[in-house]
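Structural description and commentary
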Amino acid sequence: MAFQTQGSNLRALLVEDIKVNRMILSQMLRKFQVETTVVQNGKEAVELFLGGETFDIVLTDNLMPIMTGPEAISKIRAMGATDVMIVGVSVDANSMEEFKDAGADLCVPKLKLEILEHILQETRSKKNKSSA
Amino acid sequence: MEYGNLRRQAASLKKSLFDQGYLDEQFCQVEDLQDEANPNFAEEVVSLFFKDSARVMLNFEQAIEKHPKDFARWDAHMQQLKGSCSSIGASRVKNECTSFRNFCGEENAEGCTRSFQKVKREHAVLRQKLESYFQLLRLCSPRYHFQACQILARQHSITNITLPK
């Protein structure tokens, strides 16, 4: 499979407590040459934003220790980070509504390479429009 | 061992894992992530999965004893296992996790116990089958054959063995 990057300079934040999932999602992002920061729960994600870090896209699980994905999303949006693309990733069907209510742009049960490519392209278009 | 025969055996084993429902297309996604920088990525992920999931199941067994009928806690453990099963395409283990969580929802302790035994069984079977699969892949990898040739060469005092392109 050929992975199109189109000169990708996107910065991603991956929020995931399960090691196996972190490994797979990190490798997927690496395939698209996305600069990725990885944290293990929602609180660490929020702290990064509070510290002034910026990201083009956040990929987050739902249920995590200390702070869930939807909780973190609510706090990130409340800080004024409305431009960042936020994607909820969870196999749990009940998670979709929680993610949406919290302010996620998108929810997927499973991240596949084709889906991620499409999401990254959308994120890139959004970023290009806002910087134009 | 014949190289082509080993590759056929590996392909046949992989096909049977899909046909019998042990794996789903997510496993192919994991294998697709392999590249020159990470040539053993799939095996590393699967190895991590079995290490982590064994720990989760052990924690769960302790939770059953310490927190009887704490269905919310039991469900949380199984949710974690289900998540990682889904990520590597461990379909049958994932389905048993779903079944377990349904019993939790019904607060059916006996159903949960029976279901957990099935989770453990499916987990053990998948582990054995994937170990065989990756062993076959290792045996038919060019690097394995190159290392075997190097050993033979040293035994016969032959030098200048290089990996063919």
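Residues numbered from 1 in each chain as written. Chains lettered and ligands numbered in written order. Predicted model: local features only at pLDDT ≥ 70, side-chain atom pairs only at ≥ 80, totals over all residues. Heavy atoms only, no water.

As recorded by an unreviewed UniProt entry, chain B carries the name Histidine-containing phosphotransfer protein and is attributed to Oryza glaberrima.

UniProt lists chain A under the name Two-component response regulator ORR42, with Oryza sativa subsp. japonica given as the organism. Quoted verbatim from the Function heading of the UniProt record, the comment on chain A is "Functions as a response regulator involved in His-to-Asp phosphorelay signal transduction system. Phosphorylation of the Asp residue in the receiver domain activates the ability of the protein to promote the transcription of target genes. May directly activate some type-A response regulators in response to cytokinins." In the Sequence similarities part of its UniProt record, chain A is described as follows: "Belongs to the ARR family. Type-C subfamily." (UniProt positions renumbered as here; feature names shortened; annotations may be inferred.)

**Some details on the pattern of salt bridges**
This structure, assessed with the given rule, holds 17 salt bridges over all chains. Between Glu 35 of chain A and Arg 11 of chain A there is a salt bridge whose closest N-O contact spans 3.3 Å. Of the two residues, Glu 35 of chain A sits in strand β2 (residues 35–39) while Arg 11 of chain A sits in strand β1 (residues 11–15), which places them 24 residues apart along the sequence. A salt bridge links Glu 61 of chain B to Lys 120 of chain B, with the nearest nitrogen and oxygen atoms 2.6 Å apart. Note that Glu 61 of chain B is positioned in helix α3 (residues 41–66) and Lys 120 of chain B in helix α6 (residues 109–139), a separation of 59 residues in sequence. Residue Glu 61 of chain B is classed as partly exposed on the basis of its relative accessible area of 30%. With relative accessibility at 26%, the residue Lys 120 of chain B sits in the partly exposed group. A single network of salt bridges, built from pairs that share partners, joins Arg 11, Glu 35 and Glu 53 of chain A. (Salt bridge = Lys/Arg side-chain N within 4 Å of Asp/Glu carboxyl O. Helix = DSSP H or I, 4+ residues; strand = E, 2+ residues; numbered from the N terminus. Buried < 20%, exposed > 50% of the residue type's maximum accessible area, 1.4 Å probe, protein only.)

**What about the UniProt feature "modified residue: 4-aspartylphosphate" in chain A?**
All names here are of chain A. UniProt annotation of "modified residue: 4-aspartylphosphate" refers to Asp 61 when read in the numbering used here. Position of Asp 61 relative to the elements: it lies in the loop between β3 (57–60) and α3 (69–78). The contacts of Asp 61, once residues within four sequence positions are left out, are Val 15, Glu 16, Asp 17, Gly 69, Val 89, Ser 90 and Phe 99. (Contact = heavy atoms within 4.5 Å.)

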